[in-house]
Amino acid sequence: MIHQKLLPLDMKSLTAALGFRTVVTMGKSGRENRNANWQAPRRMYNASVCVKTYADILTLNTFFQSVKGRLTGFLIKDYLDYSVDTWTTFTGTRTGSSEQLQLFKLYEDANLNQYSRTIYFPLGSSVSLQENGVDVSSSNFSVSETTGIVTYTATASSTVTFKISTFYTPVRFDTDDLNVTLLQQWLESSVNFGILDPPSVPMIELRLETISSTPPNFVYYGAEQVYYGSETVVYG
């Protein structure tokens, strides 16, 4: 379950990492056999450096409780990877009728494999389209900010390309505990003393698989069911 809300902190300062899951076995000769369990990386973050003031602590404390720690996902803007800067061609052949086209980002190297990342949470107003190299008016297409699907009617067999100025990454907190050191002078003075010991705020990327439109502010995905009271939360 992903709440369609951004973490309300300034994310320009952020600790970020990404990782793969690779199994390496070594034979008696010392030769290795490597098997990739994940074809795509999983991103990990820590927003500790984003907590700079007493007001930030209050904001984080409220948000952490609203998503119930690790239970509910939310969105962040990862300033290391938040846009598609080059014109990218939608897959498939245009039919001349209204189509639903999925946004994605292609990571590739001339001498290595490529990886296509589905973009589910674009900022709709930041998506641009071209058909055969000509700009398409934003009034002629629509963008879902919860699926990353563009609805557009293109001329049959035409080439439709896109750019995205901003998309968001779905994450959850990777802890159920928020430990904060509170200093008395923050409460007794209007001066911003800064944060001497910011709390650790680990987050981990959520991988989206299937999408449901109900309830309207959440997205359900994955195969594992987690129960919270009478509510069923489906996670990946």
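Further up the page is the structure itself.
Residues numbered from 1 in each chain as written. Predicted model: local features only at pLDDT ≥ 70, side-chain atom pairs only at ≥ 80, totals over all residues. Heavy atoms only, no water.

Asker: How should I be thinking about the overall build of the protein in this particular structure?
Answerer: Counting its regular elements, the protein contains two helices and 20 strands. Looking at the protein as a whole, 39% of its 236 residues qualify as buried. Here the contacts in the protein between residues at least 6 apart in sequence split such that 71% fall between residues at least 24 apart. Total accessible area computed for the protein in this model is approximately 13500 Å², and 48% of it derives from carbon and sulfur atoms. (Helix = DSSP H or I, 4+ residues; strand = E, 2+ residues; numbered from the N terminus. Buried < 20%, exposed > 50% of the residue type's maximum accessible area, 1.4 Å probe, protein only. Contact = heavy atoms within 4.5 Å. Areas by Shrake-Rupley, 256 points an atom, 1.4 Å probe, with all protein chains shown as cover.)

Asker: How should the sheet that holds strand β15 (residues 160-164) be read in this particular structure?
Answerer: Strand pairing within a sheet occurs via backbone hydrogen bonds; the two strands may be parallel or antiparallel. Read from one edge of the open sheet, four strands run β7-β15-β11-β12, paired in antiparallel fashion. The strands lining the two open edges of the sheet, one partner per strand, are β7 (84-89) and β12 (134-136). If you compare each strand with its neighbour and ignore which way they point, the axes differ by 30° on average. As judged from the three bridges shared by β7 and β15, these two strands associate in the antiparallel manner. Among the inter-strand pairings, Thr88 is bridged to a residue of β15, identified as Phe162. (Pairing = 2+ DSSP bridges. Axes fitted to C-alpha atoms, helices over the stretch in contact; angles between N-to-C directions.)

Asker: Even after reading the chapter, I still don't get the pattern of salt bridges, so can you show me in this structure?
Answerer: Pairs may arise between side chains of opposite charge once their charged atoms sit close together. Enumeration over the complete set of coordinates arrives at ten salt bridges. Between Arg117 and Asp81 there is a salt bridge; the shortest N-O distance is 3.2 Å. Here Asp81 lies in the loop between β6 (73-76) and β7 and Arg117 lies in strand β10 (residues 114-118), a separation of 36 residues in the sequence. A relative accessible area of 5% means that Arg117 is categorised as buried. Judged by relative accessible area, Asp81 falls into the buried class, the value being 11%. What you see here is one network of salt bridges that share partners, running through Arg43, Asp81, Lys105, Arg117 and Glu205. (Salt bridge = Lys/Arg side-chain N within 4 Å of Asp/Glu carboxyl O.)

Asker: Where do I start with the sheet that holds strand β8 (residues 98-102) in this structure?
Answerer: Strand order across the open sheet formed by three strands is β8-β14-β13, with antiparallel pairing between neighbours. The two strands at the open ends of the sheet, each matched to only one other strand, are β8 and β13 (141-143). When strand polarity is set aside, the average angle formed by the axes of neighbouring strands in this sheet is 20°. Two elements, β8 and strand β14 (residues 149-153), share five bridges in a ladder whose sense is antiparallel. Its bridge partner lying in β14, Gln102 is registered against Ile149.

Asker: Can you walk me through helix α1 (residues 54-66) in this structure?
Answerer: An α-helical segment advances 3.6 residues per turn. Residues three or four places apart therefore align on the same side. Helix length check: α1, at 13 residues, gives a terminal C-alpha distance of 19 Å against a target of 18 Å (1.5 Å per residue), a fit within 8%. Those residues of α1 that fall on the buried side of the exposure criterion are Asp56, Ile57, Leu60, Phe63 and Phe64. For α1, the buried positions fall inside an angular range of 135° around the axis, keeping them on one side. Turned more than 90 degrees away from the buried face of α1, the exposed residues are Thr62 and Gln65. (Expected span 1.5 Å × (residues − 1). Arc of directions from axis to C-beta.)

Asker: What exactly am I supposed to notice about the nonpolar core here?
Answerer: With 18 residues, the main nonpolar core has Leu7, Met11, Phe74, Ile76, Phe173 and Met203 as its most contacted residues. Of all the elements in the fold, those that place two or more residues in this core are α1, β6 and β16 (169-173). Ranked by residues supplied to this core, first place goes to α1 with four residues. Beyond its immediate sequence surroundings of up to four residues, Ile76 is in contact with Leu6, Leu7, Met11, Tyr45, Tyr168, Thr169, Val171 and Met203. By size, the runner-up hydrophobic cluster in this structure holds 17 residues, among which are Leu103, Phe141, Ile164 and Phe167. (Core = buried A, V, L, I, M, F, W, Y, C linked by side-chain atoms within 4.5 Å.)

Asker: Sorry if this is basic, but what is going on with the packing of aromatic side chains here?
Answerer: For any two aromatic rings, the description comes down to two numbers: the centre-to-centre distance and the angle of the planes. Applying the stated criterion to the full structure yields eight aromatic pairs. Ring plane angle 35° and centroid distance 4.6 Å describe the contact between Phe90 and Phe162, whose orientation is recorded as tilted. Of this pair, Phe90 sits in the loop between β7 and β8 while Phe162 is found in strand β15, placing the two residues 72 residues apart along the sequence. Taken as a pair, Phe90 and Phe162 share a single burial class, namely buried. Here the aromatic rings of Tyr107 and Tyr115 are separated by 5.5 Å at their centres, their planes lie at 20°, and the arrangement is stacked. A relative accessible area of 24% places Tyr107 in the partly exposed class. Among the residues examined, Tyr115 registers a relative accessible area of 22% and is labelled partly exposed. Within the aromatic cluster, the residues linked to one another by ring pairs are Phe63, Phe64, Phe74 and Phe173. The ring of Tyr82 has Lys77 lying over it, and the distance from NZ or CZ to the ring centre is 4.6 Å. (Phe/Tyr/Trp six-rings, centres within 6.5 Å; stacked < 30°, edge-to-face > 60°. Lys NZ or Arg CZ within 6 Å of the ring centre and 35° of its normal.)

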